[in-house]
Amino acid sequence: MASAVVNIATAALDWVAVAFDAPFAGAVVFGVHINGHLVAEVLLIAVLLFQLTRKSYKPPKKPLTEKEIDDLCEEWVPEPLHPPITKEMKVEPPTIESAAGPHTIIEGKEVVNFASANYLGLIGNENIIDSCVASLEKYGVGSCSSRVFYGTTNDHIDCETRIAKFMSTPDSILYSYGISAIFSVIPAFCKKGDIIVADEGVHWGVQNGLHLSRSTVVYFKHNDMASLESTLEKLTNKKAEKVRRYIVVEALYQNSGQIAPLNSIVRLKEKYHFRVILEESHSFGVLGNTGRGLTEHYGIPIEKIDIITAGMGNALATDGGFCTGSGRVVDHQRLNGSGYVFSASLPPYLANAAIAAVNYLEDNPSVLTVLRRNISLVWEVNCICLLDITCVHVFIIFRGSLF
Amino acid sequence: MVRLPYSTALTTLFSYGLLFAFGQLRDLFRKIIDWFKSSSEDLKGYAPICLGLEDFYTRRLYLRIQDCFCRPIASAPDAWFDVVERYSEDSNKTLHRTSKTSKCLNLGSYNYLGFAAADEYCTPRVIESLKKYSPSTCSIRVDGGTTDLHTELEELVARFVGKPAAVTFGMGYATNSSIIPALIGKGGLIISDSLNHNSIVNGARGSGAAIRVFQHNNVAHLEKVLREQIAEGQPRTHRPWKKIIIIVEGIYSMEGELCPLAEVIAVCKKYKAYIYLDEAHSIGAVGKSGKGVCELLGVDPADVDIMMGTFTKSFGSCGGYIAASKEVVQYLKDTCPAHVYATSMSPPAVQQVISSLKVILGEDGSSRGSQKLAQIRENSNFFRCELKKMGFEVLGDNDSPIMPIMLYNPAKIPAFSRECLKQNVAVVMVAFPASPLLLARTRICISAAHSREDLLKGLEVISKVGDLVGIKYFPTEPPKHETKVYKVE
């Protein structure tokens, strides 16, 4: 057995020796000595060429047949349109039967109203109601069109001019719904690739605007300036000239009642070259000696804040919202603010009510003194109040410093 | 279907190219001049708030024809209204109002049933509710913003539309953009018509669900997309979709076309998808008793899962509503952000809708409602028929009160608008970005408040201006009395 193997091996070796001793094997071609490895190389090249001519193996593509798609469609079971209804969902809110002023009627009983954001007590104001009646008789209720297509009345333009004059800015733009102001403004100025630093505690309208803008959003701890500074520090890089960067804060936070420290924010903004978008829905008409908002409260010139938005459904006791800033900021929104272009304009009587409310505020700054006195009264007592309105318990908790 | 002749397409492209080239040239000069002037210290270190490309269209194209848009009015947007005259001292960059007004025929406002101006039934009740409830409730719906007017309105809307329950919101745009995220989220699929309104697009993006688009009004393509998507499942993981919602509109506002609702519902039922119908323009305007496309196309409202509409167009008010089954409405009242975080609808506006609904239903004791509905149908069909006879390219279906007339070339937009205004007819121009770049149009909205004489005047002016501007792309139909008489020799 072993000798047979040895014999075969020697025979193979003899053949190899013959190949290596063949006359061409010792030849010299172009000054290069060619030895027996020529045979091996030619064989290798022949094998390579053979493999290259073979077709490569691809697993066959088998698209789904019509029958298979039909089966999949039949098997698919969608989720129900709504999740199971819980007991909390069935609770109906109390229905009020009169104006939502400081006293209102629920189920025939007169109750004290701590739920409406009627900060200046303008609900039921005679001047406002008279100007609305005049407007209703002239224009009807709705404006029946977008601002771009004959939905602009003289009252809208007057309202924008009045608000701009009150805030000492070049111009302002009116939106038909309070919450739509902020979620139209943010996507108009912030696009993909821009950087936004926002407070954690901003309300739904702001969060929706941030989501729609598709920019990079970084949140900092609620009302914490150290956290804001460290976030801004992390985001500073050389590309500042090309990328737009914004800080988005609310002046008076709807969810927590805290006031943003605007002086620190402006200092940080100037140090790190960010722009500020300030949401003043609950502070317009409330903060500042004459109700001009957070900038007056801190004594900061209004030119330092790039964009201010506010809903008018709180202090001004009307509906709608506005945005104010430099001329460039306002003009840009006239074609790019989605809530302005793609929606019907504010009903003219509400624009009139806004003008009357701003006039009242400018003529009667003493109403703010009354408001502050009421706030400090409750703050002194520093209590958790429990109000029983039919079967609904309303908790009002006053906390946080207001001064 | 828009049929764009080749010569028109070429001239339109050439015009836009020329405008673009001029715009770039002016931008170049502006850059050179700005380079010489030093930039102010305040803006050093900041990127410009509006990047050059973003508002190129605004600065170089839109500002030239700015006087055709945003025209202020000084009276109610009824059949005739007063348009304020404006002038400019710096070639249209800024416009100033004058105290002069001109009385014009209103072919632009959404005043389908004529409730825009003060109405004999509605306005006294609105003023009464204003004095009782004030212009605003200053509260969100769940915290003292629900008055008995709001409850009454929701019951009335549900009854009118034919659904078990309804919920109302203060703004139509906010209705769409906050309801869609409440109904569907990540893991769901939204299939929407390619020409859906911006509010639906925003709502769909805000929801986090995957979005697929099907060709406008093409039910075969919708079925194809549905089948593919159900078979493939979610992208990458191929898990089955959680739910699928198909979003269509009753009348598309830029085309005036109705949606093939019966076929779409048949497809939805077959593949177990939910359907969301946006009736912003069709509720109150079409259908024998004004109940919208469901009534017009003979579809049972119970087959449509969610019906959405607005009160701005046919009811002369503001706000939007959603009508669906009791459970869906209960769920939406609990989760929808526009209900839980936003100020409730203004009470006088609520009263206006209640009163106008009562007029339409005939519950005010008169037949004004059915008269208005018959009037708008007759007016729309007459106007559309006459325009087509004149040779204009008019889009839209019969019975729809919206009729866009195609212009195409950008220069025809201001020409048509200004010439019509000179002859006291106010029309609305639709250009980019509300419509595709090459397909600029003018959109006529007919109202029940228009009388036959108003329509004839409008037709006369449009015909004259159409000849002047050159937009009669189709051959005119010869009037019947001019048939040739052949002499028998």
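Residues numbered from 1 in each chain as written. Chains lettered and ligands numbered in written order. Predicted model: local features only at pLDDT ≥ 70, side-chain atom pairs only at ≥ 80, totals over all residues. Heavy atoms only, no water.

Draft legend 1. Spotlight on the overall build of chain B. Helix and strand counts for chain B stand at 16 helices and 14 strands. A compact globule built from 489 residues should have a C-alpha radius of gyration of about 23 Å, and chain B, at 25 Å, falls within 12% of that. If you line up chain B on its principal axes, its C-alpha atoms span 80 × 65 × 55 Å. A total of 489 residues make up chain B; the buried ones form 59% of that total. Carbon together with sulfur atoms contributes 56% to the accessible area of chain B, which is approximately 20100 Å² in total. For chain B, the distance from the average position of its 57 positive side-chain charges to the average position of its 51 negative side-chain charges is 4 Å. (Helix = DSSP H or I, 4+ residues; strand = E, 2+ residues; numbered from the N terminus. Rg over C-alpha atoms; globule rule 2.2 N^0.38 Å. Buried < 20%, exposed > 50% of the residue type's maximum accessible area, 1.4 Å probe, protein only. Areas by Shrake-Rupley, 256 points an atom, 1.4 Å probe, with all protein chains shown as cover. Lys, Arg positive; Asp, Glu negative; His and termini not counted. Charge placed at Lys NZ, Arg CZ, Asp CG, Glu CD.)

Draft legend 2. View of the sheet that holds strand E8 (residues 216-220) of chain A. Residue and element names in this part refer to chain A. Overall, mixed pairing links the seven strands, which are arranged E6-E12-E11-E10-E9-E7-E8 in an open sheet. Two strands close off the open sheet at either side, each with one partner strand: strand E6 (171-175) and E8. Neighbour-to-neighbour, the strand axes of the sheet open up by a mean angle of 20°, direction not taken into account. Docked against the sheet, helix H12 (residues 327-336) engages E6, strand E11 (307-311) and strand E12 (321-325), running at close to 30° with respect to E6. (Pairing = 2+ DSSP bridges. Axes fitted to C-alpha atoms, helices over the stretch in contact; angles between N-to-C directions. Contact = heavy atoms within 4.5 Å.)

Draft legend 3. Here's a closer look at the nonpolar core. Counting 218 residues, the largest nonpolar core has Phe189 of chain A together with Phe383 of chain B as its most contacted members. A per-element tally of this core places helix H14 (residues 348-363) of chain A first, with ten residues. Split by domain, this core shows at least three residues from each of two domains, domain 1 (2-106 + 371-488) and domain 2 (122-361) of chain B. Apart from residues no more than four positions distant in its own chain, Phe189 of chain A is found in contact with Asp194, Arg244, Tyr246, Ile307, Val329, His332 and Gln333 of chain A together with Ile49 and Cys50 of chain B. Ile179, Leu183, Ile247 and Val329 of chain B belong to the second-largest nonpolar core, a separate cluster that totals 28 residues. (Core = buried A, V, L, I, M, F, W, Y, C linked by side-chain atoms within 4.5 Å. Domains from an automatic or database assignment.)

Draft legend 4. Unusual backbone geometry, seen in detail. Residues and elements named next belong to chain B. The backbone of Asn92 sits at a positive phi, close to 75°, despite the residue not being glycine. Tracing the backbone through its elements, the reader meets Asn92 in the loop between strand E2 (80-87) and strand E3 (96-106). The exposure class assigned to Asn92 is buried, which follows from its relative accessible area of 12%. Backbone geometry places Lys272, a non-glycine residue, at a positive phi of 60°. Along the polypeptide, Lys272 turns up in the loop between helix H9 (261-271) and strand E8 (274-278). Classification of Lys272 as partly exposed rests on a relative accessible area of 29%.

Draft legend 5. Spotlight on the pairing of E3 of chain B. All names here are of chain B. Judged from the seven bridges that link them, E2 and E3 form a sheet pairing that is antiparallel. Bridge pairing in E3 links Val83 to Ser102. Of the strand pairs in this sheet, E3 and strand E12 (residues 425-426) are connected by two bridges, and their pairing is parallel. Within the sheet, the bridge partner assigned to Asn106 lies in E12 and is Ala426.

Draft legend 6. Focus on the sheet that holds strand E9 (residues 306-310) of chain B. Residues and elements named next belong to chain B. One open sheet holds the seven strands; their spatial order is E4-E10-E9-E8-E7-E5-E6, and the pairing between them is mixed. Looking along the sheet, the strands with just one partner apiece sit at the ends: strand E4 (165-169) and strand E6 (210-214). This sheet shows a mean twist of 20° between the axes of neighbouring strands, independent of strand direction. Here four bridges tie E9 to strand E10 (residues 320-324), and the two strands are oriented antiparallel to one another. If you follow Met307 over to E10, its bridge partner there is Ala323.

Draft legend 7. Here's a closer look at the packing of aromatic side chains. Residue and element names in this part refer to chain B. Tallied over the entire structure, the rule returns 14 aromatic pairs over all chains. Seen in terms of ring centroids, Tyr57 and Phe432 are 5.4 Å apart; in terms of plane orientation they differ by 75°. Their pairing is edge-to-face. Pair noted here: Tyr57 is in helix H2 (residues 56-61) and Phe432 is in the loop between strand E13 (428-430) and strand E14 (441-445), with a separation of 375 residues, a long-range link. Here the aromatic residues Phe160, Phe311, Phe315 and Tyr321 are joined through ring pairs into a cluster of three or more. A cation sits over an aromatic face here: Arg125 above Tyr121, 3.8 Å from the ring centre. Over the ring of Phe382 we find Arg452, and its NZ or CZ is 3.8 Å from the ring centre. (Phe/Tyr/Trp six-rings, centres within 6.5 Å; stacked < 30°, edge-to-face > 60°. Lys NZ or Arg CZ within 6 Å of the ring centre and 35° of its normal.)

Draft legend 8. How the structure looks around the interface of chain A and chain B. Contacts between the two partners involve 100 residues from chain A and, on the opposite side, 106 residues from chain B. Surface buried jointly by chain A and chain B totals about 8900 Å² across both partners, of which 63% is contributed by carbon and sulfur atoms. When the buried surface of chain A facing chain B is broken down by residue, Trp76, Leu81 and Tyr150 of chain A rank first, second and third, together holding 12% of it. In this structure, the connection of chain A to chain B is made through three salt bridges. (Buried area = accessible area lost by both parts, 1.4 Å probe. Salt bridge = Lys/Arg side-chain N within 4 Å of Asp/Glu carboxyl O.)

Draft legend 9. View of the side chain of Asn118 of chain A. Topologically, Asn118 of chain A is positioned in the loop between strand E4 (109-112) and helix H5 (126-139). Side-chain polar atoms of Asn118 of chain A contact the backbone nitrogen of Ile123 of chain A, separated by 3.5 Å. Among residues more than four places away in sequence, those in contact with Asn118 of chain A are Ala100, Gly101, Pro102, Ile123 and Asn314 of chain A together with Cys138 of chain B. (Polar contact = N/O pair within 3.5 Å; in protein donor to acceptor, adjacent residues only side chain to side chain.)

Draft legend 10. Examining the packing of helix H7 (residues 178-189) of chain A against H12 of chain A more closely. All names here are of chain A. Closest axis-to-axis distance for the H7/H12 pair is 10 Å, and the angle between their directions is 100°. Between H7 and H12, the angle is such that the two are roughly perpendicular. Note on element contacts: H12 touches H7 through Val329, His332, Gln333 and Asn336, opposite Val185, Ala188 and Phe189. Here the residues of the contact of H7 with H12 sort into four nonpolar, three polar and no charged. (Parallel < 35°, antiparallel > 145°, perpendicular 65-115°, else oblique. Nonpolar A, V, L, I, M, F, W, Y, C, P; charged D, E, K, R; others polar.)

Draft legend 11. The packing of helix H6 (residues 172-183) of chain B against helix H7 (residues 198-207) of chain B, seen in detail. Residues and elements named next belong to chain B. Viewed as axis vectors pointing N to C, H6 and H7 meet at an angle of 25°, and their least axial separation amounts to 7 Å. Relative to H7, H6 is oriented roughly parallel. Crossing of H6 against H7: the hand is right-handed. In this structure, H6 uses Tyr173, Asn176, Ser177, Ile180 and Pro181 to contact H7, whose residues at the interface are Asn198, Ser199, Ile200, Asn202, Gly203, Ala204, Gly206 and Ser207. Of the residues in the contact of H6 with H7, the class split is five nonpolar, eight polar and no charged. (Left-handed = near helix turned anticlockwise from the far one by under 90°.)

Draft legend 12. Layout of the environment of Ser207 of chain B. Residues and elements named next belong to chain B. Within the fold, Ser207 resides in helix H7. For the pair formed by Ser207 and Ile179, sequence separation is 28 residues and the distance between their alpha carbons is 9.0 Å. Excluding anything up to four places from it in sequence, Ser207 contacts Ile180, Pro181, Ile184, Gly185, Lys186 and Ile190.

Draft legend 13. Quick peek at the environment of Phe474 of chain B. Residues and elements named next belong to chain B. Along the polypeptide, Phe474 turns up in the segment after helix H16 (452-469). Taking C-alpha positions, Phe474 is 40 Å from Ile245, a pair spaced 229 residues apart along the chain. Look past the residues within four positions of Phe474 in its chain and what remains in contact with it is Arg3, Gly391, Phe392 and Glu393.

Draft legend 14. The pattern of salt bridges, seen in detail. Tallied over the entire structure, the rule returns 34 salt bridges over all chains. With a closest N to O distance of 3.0 Å, Glu255 of chain B and Arg441 of chain B form a salt bridge. You can see Glu255 of chain B sitting in the loop between strand E7 (244-249) and H9 and its partner Arg441 of chain B sitting in strand E14, a full 186 residues away along the chain. By relative accessible area, Arg441 of chain B is classed as buried at 2%. The partner of Glu386 of chain B in a salt bridge is Lys389 of chain B, with the nearest N and O atoms 3.4 Å apart. On the criterion of helical spacing, the pair formed by Glu386 of chain B and Lys389 of chain B is a turn pair, its members being three residues apart in helix H14 (residues 368-390). Members of the salt-bridge network, linked through shared partners, are Arg147, Glu160, Asp171 and Arg334 of chain A.

Draft legend 15. Quick peek at the domain arrangement of chain B. Residues and elements named next belong to chain B. Domain boundaries assigned for chain B yield domain 1 (2-106 + 371-488) and domain 2 (122-361). Sorting the residues of domain 1 by area buried against domain 2 places Leu373, Asp397 and Ile402 first, and these three jointly supply 36% of that buried surface. At the junction of domain 1 with domain 2, the criterion picks out one salt bridge. Between domain 1 and domain 2 we count seven residue pairs in polar contact (both at pLDDT 80 or more) in total. Elements with a minimum of two residues in the side of domain 1 that touches domain 2: H14, strand E11 (402-406) and E14. With four residues, H14 is the largest single contributor of residues to the side of domain 1 that touches domain 2.

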